[in-house]
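Fold and contact review
The chain contents come next:
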Amino acid sequence: MGLLSRILSPRLEATAHCDLPCGVYDPAQARIEAESVKAVQEKYQNNEDFEFRTRAIIIAEQRSELVKHHLWVLWTDYFKPPHFEKYPQLHELVNKATKAAGATGTKGSMDPAKGQELLDYIAEIEKIFWETKQG
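These numbers come from a predicted model, not from an experiment.

This brings us to the overall build of the protein chain. A count of helical and extended segments in the protein chain gives 7 helices and 0 strands. Listing the helices and strands of the protein chain from first to last along the sequence gives α-α-α-α-α-α-α. Sequence separation of 24 or more characterises 76% of the internal contacts of the protein chain that already satisfy a separation of 6 or more.

Written out as structure tokens, the structure reads:
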């Protein structure tokens, strides 16, 4: 059994830390897109031109979709079980934020208040994100 154990035992032990993911994920990507959405919503409110407003709606929808993408990447790739244990509100918070960027939020409304609501959710996620980076 000793020979078989030596043959089958690993020759090299590897350990890993999330250096790459921890170094590249940042909720700022979602925040910047959400800031763009709110700015477009405000411009929309101050312009009566049909074509301008149509373009504004398209841009807001595209940027809202990018916000959702960036939030989902954080939720699925960055945040891990220990984060969800320490911050039990995180699942619901990300859910509310992605919905705020969805059809009932900034993707479906040109009200800047919806844009601010989205930014507020992102700010909460960002706070938690940076706290997880400290530990």
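Bringing the packing of aromatic side chains into the picture now. Enumeration according to the criterion identifies 5 aromatic pairs in this entry. With 4.7 Å between their ring centres and 50 degrees between their planes, tyrosine 78 and phenylalanine 129 make a pair best called tilted. Within this pair, whereas tyrosine 78 is found in helix α4 (residues 50–78), its partner phenylalanine 129 is found in helix α7 (residues 112–134), the two being separated by 51 residues in sequence. Residues tyrosine 78 and phenylalanine 129 agree in their burial class; the two are buried. If you follow arginine 53 out to its NZ or CZ, it ends over the ring of tyrosine 44, 4.0 Å from the centre.

Another aspect to go through is α7. Between its terminal C-alpha atoms α7 stretches 33 Å, which fits the 33 Å expected from 23 residues at 1.5 Å a residue. Listed in full, the buried residues belonging to α7 are Pro112, Gly115, Leu118, Leu119, Tyr121, Ile122, Ile125, Glu126, Ile128, Phe129 and Thr132. In this fold, the buried residues of α7 make contact with α3 (28–45), α4, α5 (81–86) and α6 (90–100). Put simply, aspartate 111 is the residue that caps the front of α7, since its side-chain oxygen is 3.0 Å from the backbone nitrogen of alanine 113.

This paragraph deals with the side chain of threonine 106. Secondary-structure assignment places threonine 106 in the loop between α6 and α7. Of the residues examined, threonine 106 reaches a relative accessible area of 1% and is grouped as buried. Here threonine 106 is in contact with Val37, Gln41, Ala60, Ser64, Ala100, Ala101, Lys114, Gly115 and Leu118, once residues within four sequence places are set aside.

Thresholds applied
- Residues numbered from 1 in each chain as written.
- Predicted model: local features only at pLDDT ≥ 70, side-chain atom pairs only at ≥ 80, totals over all residues.
- Heavy atoms only, no water.
- Helix = DSSP H or I, 4+ residues; strand = E, 2+ residues; numbered from the N terminus.
- Contact = heavy atoms within 4.5 Å.
- Phe/Tyr/Trp six-rings, centres within 6.5 Å; stacked < 30°, edge-to-face > 60°.
- Buried < 20%, exposed > 50% of the residue type's maximum accessible area, 1.4 Å probe, protein only.
- Lys NZ or Arg CZ within 6 Å of the ring centre and 35° of its normal.
- Expected span 1.5 Å × (residues − 1).
- Polar contact = N/O pair within 3.5 Å; in protein donor to acceptor, adjacent residues only side chain to side chain.

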